[in-house]
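Read off the chains here:
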Number of protein chains: 2
Amino acid sequence: MEPIAPGPAPAPPPGRTVGEVGERGVLTELTRAADPPGGTGTPVSGITVVGTGDDAAVFRSPGHTAISTDTLVEGRHFRLDLSSPWQIGARAVVQATADVAAMGARITGVVVSIAVPASTAVEAVTGINRGIVDAAADLGAVLLGGDLVAADQIVITVTALGAMDGYRPVPIGGARPGDVLAVSGPLGGSAAGLAILLSGRRDLGDDFAELVAAFRIPGPDLGQGVIAAAAGAHAMTDVSDGLIEELITMADRSGVRVAVDTDAVPRPAALGAAAAALGSDATDWVLAGGEDHQLLAAFGRADQVPSGWTVIGDVRAQPPGAAGVLIDEVLIDGVLIDGAPAGAVRGWQSFDG
Amino acid sequence: MEPIAPGPAPAPPPGRTVGEVGERGVLTELTRAADPPGGTGTPVSGITVVGTGDDAAVFRSPGHTAISTDTLVEGRHFRLDLSSPWQIGARAVVQATADVAAMGARITGVVVSIAVPASTAVEAVTGINRGIVDAAADLGAVLLGGDLVAADQIVITVTALGAMDGYRPVPIGGARPGDVLAVSGPLGGSAAGLAILLSGRRDLGDDFAELVAAFRIPGPDLGQGVIAAAAGAHAMTDVSDGLIEELITMADRSGVRVAVDTDAVPRPAALGAAAAALGSDATDWVLAGGEDHQLLAAFGRADQVPSGWTVIGDVRAQPPGAAGVLIDEVLIDGVLIDGAPAGAVRGWQSFDG
């Protein structure tokens, strides 16, 4: 990371680019936004931050720590004409921290790298950074530090930290026959929102603002990760790549068959109407849309499923050599079974809009 | 992060691209290389890794933890025609972990994000990953996990973790009047090596192989960070952006004047001959070259300077409002003093070759 100069510096005039202001000027702006509340030495989100703005940040986190990293690339995971810089920064935090929540951890901190073309407006960079800081604060986490470099397109990497607080990590591969499967919230909204934006139909954007918002900043309650761990979840992941793909991974890693009833999967109220307006299939969004970042977990008993979660299926013994995922009792051949992607499963991450 | 399928999968045939093999196929290759020795649950480098290959990795690190993140961008920080994929991965680890070492921490782990065009050869990605794994192992650290995404150019982000082992973090801004300044090894080699490669003169590449190697993988002994902390260093940083720029930051953050004698700064034996062959100025490489990642530290007494370090100057009281860096008793106006870059100081990071 870059050592960053503290103290006041003149704010760059509006409309200037990163290349014009220079790395140090932009970093000074970013540091201003990133100062931990109360300054260094203050316990923040249960971790004690004893230094930021130096070569490295130093913190103390008792017990076990979960760590994950996720990258968003301009034109693939976001577009500046579809989301504001603030929304893009916030979404990067949700995406990275969902992986930590999915271990059953309490989100405590993030570090960030932002790569931008020199032609990028300073406001775009400070907006992304503000979205990161605000989303982290909303999760009870602190921005510990970061890096800023030049690149041909915007690339945002968020590394998220979480405290296990004495709970055992909940793996994706821990599902057992007899478990019930549940999700922490509705699926399909993010994919629908993206489809609406890509359609270019402003009327739909107004009619389905909730779905557009779900694409711009997914709104899972990531505090449910700790709640699920406390409830004794056997297996957990966040739904980042689409429900079917996560189910395939869970079934394969657990050595079980998972069965889901499509009608049981919660979806945003407006999803059907949006699909009708676009001539799309709402169930495709629900099963394969991805990027909602709700949590998917397997619990030993139905009465362990936390309040607010929805049971969507169950876990069964897997016949040797057989595929692992049943959707409405129809077997889905997944990527992990025969090496070829199933129709509804996304392969190489791309943003085909 | 991506949950990664364990166990064997067919290795992709040579010459195939990431887009052809797909994200999961490449991730399977990467995971193979990243398995911690002895598997999960094994103490590695003093941290206990209880899970990898899941949504997040989980580790336990007693005491305080240092964390830093650094990004390398293709065409700016490396080029595939100047370095091998293995060298690029190793360099990314040295660059990121040097920031952690500069706090006085013992390097324990890294997480990595790699963004690549779909047209990238799988061998390039696995080579970068192998370089990361090997360089981490060489430092006594473990690759905890990672992410792989598509982008228009290769972007590598390494987040490094270190254990403070009871030592107080050594800030860049802790230098005090009366301190001696020292560096942990020679400076200028990386810049010279890059200049040699960019000259296209193969004869020079052969004659100055040590300098070319210093560009491809800087070779600081990052274990000196802990040694300097144990010796009571007041201030420390790694020389990533060039000695003058680091001195400016140290002086400004410490509120002191730092004075360096150019002749005292250690440089590779071949530097003068390489500069003569290229018609360049060796002292420019030493003072402004950057990316050697040697450690620069201020010690209270000369007898605290660890073995192998070289004293290059001293720390003095700073007259109010005056600039903070003297090179050979000549005052350098730095970026942090008047807002304009000094001639020898790099501004916005770029790779002008």
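Residues numbered from 1 in each chain as written. Chains lettered and ligands numbered in written order. Predicted model: local features only at pLDDT ≥ 70, side-chain atom pairs only at ≥ 80, totals over all residues. Heavy atoms only, no water.

(A) Molecular detail of the interface of chain B and chain A. Chain B puts 70 residues into the contact, and the matching count from chain A is 70 residues. A combined buried area of about 5800 Å² lies between chain B and chain A, and 57% of that area is made up of carbon and sulfur atoms. There are two salt bridges connecting chain B and chain A. Asp152 of chain A is the partner of Arg76 of chain B in a salt bridge, and the nearest nitrogen-oxygen pair spans 3.8 Å. Viewed at the interface, chain A and chain B are joined by 19 residue pairs in polar contact (both at pLDDT 80 or more). (Contact = heavy atoms within 4.5 Å. Buried area = accessible area lost by both parts, 1.4 Å probe. Salt bridge = Lys/Arg side-chain N within 4 Å of Asp/Glu carboxyl O. Polar contact = N/O pair within 3.5 Å; in protein donor to acceptor, adjacent residues only side chain to side chain.)

(B) Structural detail: the side chain of Asp54 of chain A. With respect to the helices and strands, Asp54 of chain A occurs in the loop between strand E2 (47–51) and strand E3 (57–60). Within the structure, Asp54 of chain A has its side chain in polar contact with the backbone nitrogen of Ile172 of chain B (distance 3.1 Å). (Helix = DSSP H or I, 4+ residues; strand = E, 2+ residues; numbered from the N terminus.)

(C) The packing of aromatic side chains, seen in detail. Residue and element names in this part refer to chain A. The full count for this structure, using the stated rule, is two aromatic pairs over all chains. On the basis of an interplanar angle of 90 degrees and a centroid distance of 5.5 Å, the ring pair of Phe299 and Trp309 is categorised as edge-to-face. Of this pair, Phe299 sits in strand E11 (residues 295–299) while Trp309 sits in the loop between E11 and strand E12 (310–317), and the two are ten residues apart along the sequence. The residues Phe299 and Trp309 share a single accessibility class, namely buried. (Phe/Tyr/Trp six-rings, centres within 6.5 Å; stacked < 30°, edge-to-face > 60°. Buried < 20%, exposed > 50% of the residue type's maximum accessible area, 1.4 Å probe, protein only.)

(D) Quick look at the pattern of salt bridges. All names here are of chain B. Considering all chains together, one arrives at 18 salt bridges over all chains under this definition. Two residues, Glu291 and Arg91, come together in a salt bridge whose shortest N-O distance is 2.7 Å. In this pair, Glu291 sits in the loop between helix H11 (282–288) and strand E11 (295–299) while Arg91 sits in helix H3 (residues 85–101), placing the two residues 200 residues apart along the sequence. The pair Glu291 / Arg91 is uniform in exposure class, with both members buried. In this structure, Asp165 and Arg106 form a salt bridge, with 2.6 Å as the shortest nitrogen-oxygen distance. Placement of the pair is Asp165 in the loop between strand E7 (155–163) and strand E8 (180–183) and Arg106 in strand E5 (residues 106–116), with a sequence separation of 59 residues.

(E) Broad picture of the environment of Leu296 of chain B. Residue and element names in this part refer to chain B. As for its placement among the helices and strands, Leu296 is situated in strand E11. Judged by its relative accessible area of 0%, Leu296 falls in the buried class. Spatially, the C-alpha atoms of Leu296 and Leu181 are 7.2 Å apart, while their sequence positions differ by 115 residues. Ignoring sequence-local partners within four residues, the contact set of Leu296 consists of Leu181, Ala182, Val183, Ala235, Met236, Thr237, Val239, Leu243, Glu246, Leu247, Met250 and Ile312.

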